[in-house]
Every structure is written in structure tokens, then in C-alpha cells.
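# Chain and residue survey
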Amino acid sequence: MNNQDWYIDAFDEWYPIVYQHRDEKEAQEQVEFVFSELNLQYNHKILDLCCGYGRHINFLFPKVSFVVGYDLSLYLLKKARHFLSDKISLVRGDVRYLPFNPESFDVVLNFFTSFGYFDEDKENIRQIEQVSFVLRNKGTFFFDYLNPLQVKKITKIETKKTYHSYIIKENRFYDEISRELKKEVSIYLNNQLKKSYTERVKIYSLDEISRIFSSQNLHIQKIYGNYNKESYTEESPRLIIIGEKNE
Ligand SMILES: C[S@@+](CC[C@H](N)C(=O)[O-])C[C@H]1O[C@@H](n2cnc3c(N)ncnc32)[C@H](O)[C@@H]1O
């Protein structure tokens with residue numbers, strides 16, 4: 001595995017420990033936001049791109065009858081299979097190579113910073129190209145990303161948290177040269193290091209994202225700075241974009 005493949009290593013059995021706060025309660029609130037903003041209908045076909053263990057799908061189905069979860073992590077997909085209804089299709093694969101026909105979905109959802117994982121811009125753009133490919137004309141792309149204006153201010157943040165007997169240390173900083181938010185994660189049990197890795201998320205400005213969308217036949221319809229429907233500002237925790245595929 002090379003340095004670029006951090007996302008293959010990171011989303012395993014340690015992920016629920018590191019991201020314990022990204023729970024079902026949060027997912028329920030986010031899905032409520034999506035229902036109110038996207039005007040989801042029962043007969044819509046929805047793709048949850050990078051679905052993780054399916055915490056959002058759990059609140060989408062059965063209000064929406066057709067939901068597919070797509071992710072690369074075998075561990076998280078197995079967890080999703082136990083957690084979700086048998087009626088939900090779960091597909092394993094890479095975001096750059098979606099195995100669906102053109103215009104298969106009315107809505108593609110991409111929750112919680114599931115973009116910017118590839119070293120090369122063209123690979124990240126390919127993810128958006130694939131979204132556009134599988135969306136029907138006038139279909140909706142929901143995109144929930146870090147606020148690039150906030151991230152660029154991070155010189156160094158060190159945190160320590162616990163989960164049962166585990167201690168998780170995180171060291172975050174924005175690397176101006178690679179334009180990545182890097183997060184070094186170390187997990188300890190009884191003072192022994194059990195796992196360590198570095199997350200790397202490429203940071204794109206709103207302008208750049210807008211240009212990437214345009215290049216892939218998508219446009220931005222609405223922007224929010226959080227799930228309380230507040231406007232996007234420099235201080236916002238998130239950059240939430242509701243996009244649409246052009247006719
Ligand atoms: C930050 S998590 C978010 C998961 C989920 N959306 C949630 O909010 O719980 C990112 C997800 O992207 C998946 N992922 C990472 N790289 C991927 C890739 N190249 N192709 C498909 N999925 C990928 C991970 O396995 C993980 O489930």
C-alpha cells in the first residue's frame with residue numbers, strides 16, 4: 001500500500017471508535033434536513049455514495065422505497081448488512097468506478113466529507129463525473145464537505161478522547177503545499193499503540209467546487225453552512241451544497 005491509499009486502511013474496525021460521535025442521532029437529523037430540502041419522494045431512486053455502515057440509509061428507508069448504499073470498505077459494508085433491511089442493496093466499489101447505468105438515480109447523497117481522498121485532482125474530479133453519469137437529468141446531488149475557509153486556518157490542533165478503554169489521539173493540520181487537511185490518528189489500549197494512520201483530505205474552495213461541478217454538467221442550487229440551515233460563512237462548520245444535473 002502506498003501513502004495515497006490511506007482510505008483503504010482507515011475505514012476498518014477502528015473507524016467506529018475514532019468517529020464514535022458520528023452516530024445515528026446525527027444521521028437522523030441530517031436525513032431530516034435532506035428530506036425537507038430535497039423534497040424526496042417515496043418513488044425516488046437514491047444512491048448513498050460512501051454510505052459507511054448505513055446510518056443515513058436507516059432513516060431513508062422505507063420512507064423512500066429504493067436506496068442503494070455504495071462503499072469501498074468491506075468492514076463497514078458488512079456492518080451495514082447486519083444493520084439495515086434486506087431490501088437495501090449494498091454494493092462494494094470505488095467512487096471513481098461506479099457500476100451503475102447512466103441516469104440510474106434521482107438523487108445521489110454524499111454525507112460527511114467523503115470527497116477529496118485522492119492525491120490527484122483528476123481522480124477527485126472523476127468522482128464528481130461519476131455522480132453526474134449516474135444521475136438523471138435534473139437529478140439532485142447532495143454534497144456535505146468541510147468548510148475550506150475554516151480548514152485553511154488550522155495550523156495545529158491536538159485532541160485526545162477515550163472510548164471504553166481506548167485512548168485516541170488526533171493531530172490535525174492544514175498542509176499548504178499539498179492543500180490537504182491531514183489528521184494523524186493513533187489509537188492506544190493499555191498504553192500500547194494498536195493502530196495509527198494519517199487521513200488526508202484535499203481541500204477545494206467553493207469556487208473550485210463550483211467549477212468542477214460545471215465541468216461535469218452539474219450546477220449549484222443552494223449552499224448552507226450547517227444542518228440548521230444557516231448561511232454559509234467563513235465561520236461555518238460545513239460546506240453543504242445542493243447541486244442539480246443540467247438538463
Ligand atoms: C468519512 S466516512 C463517511 C461514511 C458515511 N457517509 C457516514 O456519514 O457515516 C467516508 C466513507 O467513504 C468510504 N470510502 C473511502 N474511500 C472510498 C473510495 N475510494 N470509494 C468508495 N468509498 C470510499 C469509506 O469506506 C467510508 O465509509
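Just above sits the structure.
About the cut-offs
Residues numbered from 1 in each chain as written. Predicted model: local features only at pLDDT ≥ 70, side-chain atom pairs only at ≥ 80, totals over all residues. Heavy atoms only, no water. Helix = DSSP H or I, 4+ residues; strand = E, 2+ residues; numbered from the N terminus. Rg over C-alpha atoms; globule rule 2.2 N^0.38 Å. Buried < 20%, exposed > 50% of the residue type's maximum accessible area, 1.4 Å probe, protein only. Contact = heavy atoms within 4.5 Å. Lys, Arg positive; Asp, Glu negative; His and termini not counted. Charge placed at Lys NZ, Arg CZ, Asp CG, Glu CD. Near = heavy atom within 4 Å. Polar contact = N/O pair within 3.5 Å; in protein donor to acceptor, adjacent residues only side chain to side chain. Areas by Shrake-Rupley, 256 points an atom, 1.4 Å probe, with all protein chains shown as cover. Nonpolar A, V, L, I, M, F, W, Y, C, P; charged D, E, K, R; others polar. 1 Å grid on protein atoms, 1.4 Å probe; cavity = no way out; pocket = protein on both sides within 12 Å on 5 of 7 lines; lining within 4 Å. Points joined across faces, edges and corners; volume = space filled by probe spheres on them. Pairing = 2+ DSSP bridges. Right-handed = clockwise from strand over helix to strand, strands pointing away. Axes fitted to C-alpha atoms, helices over the stretch in contact; angles between N-to-C directions. Salt bridge = Lys/Arg side-chain N within 4 Å of Asp/Glu carboxyl O.

A tally of helices and strands in the chain yields eight helices and 11 strands. Expected size for 247 residues packed as a compact globule is a radius of gyration near 18 Å; at 18 Å, the chain falls within 12% of this value. Along the first, second and third principal axes, the C-alpha set of the chain runs to 55 × 40 × 35 Å. Counting only residues that meet the buried cut, the chain has 52% of its 247 residues in that class. In the chain, 62% of the contacts between residues at least 6 apart in sequence involve partners at least 24 apart. Within the chain, one finds 34 positive and 36 negative side-chain charges whose respective centroids are separated by 3 Å.

In the neighbourhood of the ligand, 20 residues make up the surrounding shell, with Tyr 15, Cys 50, Arg 55, Asp 71 and Val 95 lying closest. Take Cys 50: an N or O atom from its main chain is 2.7 Å from a nitrogen atom of the ligand. A distance of 2.9 Å separates a nitrogen atom of the ligand from a polar atom in the backbone of Val 95. When isolated, the ligand has an accessible area of 590 Å², and the protein chains bury 98% of it. Across the shell around the ligand, the residue classes break down as 12 nonpolar, five polar and three charged.

Before going further, it helps to spend a moment on the layout of surface pockets. Put simply, the second largest pocket is a space of about 190 Å³. The element best represented in the lining of the second largest pocket is helix α3 (residues 24-38), accounting for three residues. Split by residue class, the lining of the second largest pocket holds three nonpolar, three polar and five charged.

This paragraph deals with the side chain of Glu 208. Along the polypeptide, Glu 208 turns up in helix α8 (residues 206-215). In terms of polar contacts, Glu 208 uses its side chain to reach the backbone amide nitrogen of Ser 205, at 2.8 Å. Not counting the four nearest positions on each side in its chain, Glu 208 is found in contact with Arg 179 and Ile 203.

So, on to the side chain of Asp 71. With respect to the helices, strands and loops of the structure, Asp 71 is situated in strand β2 (residues 66-71). For Asp 71, the side chain forms a polar contact with the main-chain nitrogen of Cys 51, separated by 3.2 Å. Setting aside chain neighbours within four positions, we find Asp 71 in contact with Cys 50, Cys 51, Gly 52, Leu 77, Val 91, Arg 92 and Gly 93.

Let's shift gears to the pairing of strand β3 (residues 89-92). As judged from the four bridges shared by β2 and β3, these two strands associate in the parallel manner. Paired with Gly 69 across the strands is Leu 90, a residue of β3. For the crossover from β2 across helix α5 (residues 74-83) to β3, the handedness is right-handed.

Further remarks concern the sheet that holds strand β4 (residues 105-110). Strand order in the open sheet formed by seven strands is β3-β2-β1-β4-β5-β11-β10, and the pairing between neighbours is mixed. One side of each edge strand has no neighbouring strand; the edge strands of this open sheet are β3 and β10 (218-224). Going across the sheet, the axis of each strand differs from the next one's by a mean of 20°, ignoring polarity. With five bridges connecting them, strand β1 (residues 45-49) and β2 associate as parallel partners. Bridged to Leu 49 within β2 is Tyr 70. Packing of α5 onto the sheet brings it into contact with β2 and β3, and relative to β3 it is tilted by some 170°. Strands in contact with α8 are β5 (135-146), β10 and β11 (238-245); relative to β10, the strand with the most contacts, it is inclined by about 145°.

By the secondary structure assignment, Leu 193 is in strand β9 (residues 192-202). With relative accessibility at 49%, the residue Leu 193 sits in the partly exposed group. Taking the C-alpha atoms as reference, Leu 193 lies 43 Å from Leu 135; in sequence the two are 58 residues apart. The residues touching Leu 193, leaving out its near neighbours within four places in the chain, are Ser 186, Ile 187 and Tyr 188.

Under the defined criterion, the tally for this structure stands at 24 salt bridges. Across the pair Arg 96 and Asp 94 runs a salt bridge whose closest N-O atoms are separated by 2.8 Å. You'll find Arg 96 and Asp 94 in the same group, each marked buried. In this structure, a network of salt bridges that share partners links the residues Asp 119, Asp 175, Glu 180, Lys 182 and Arg 200.

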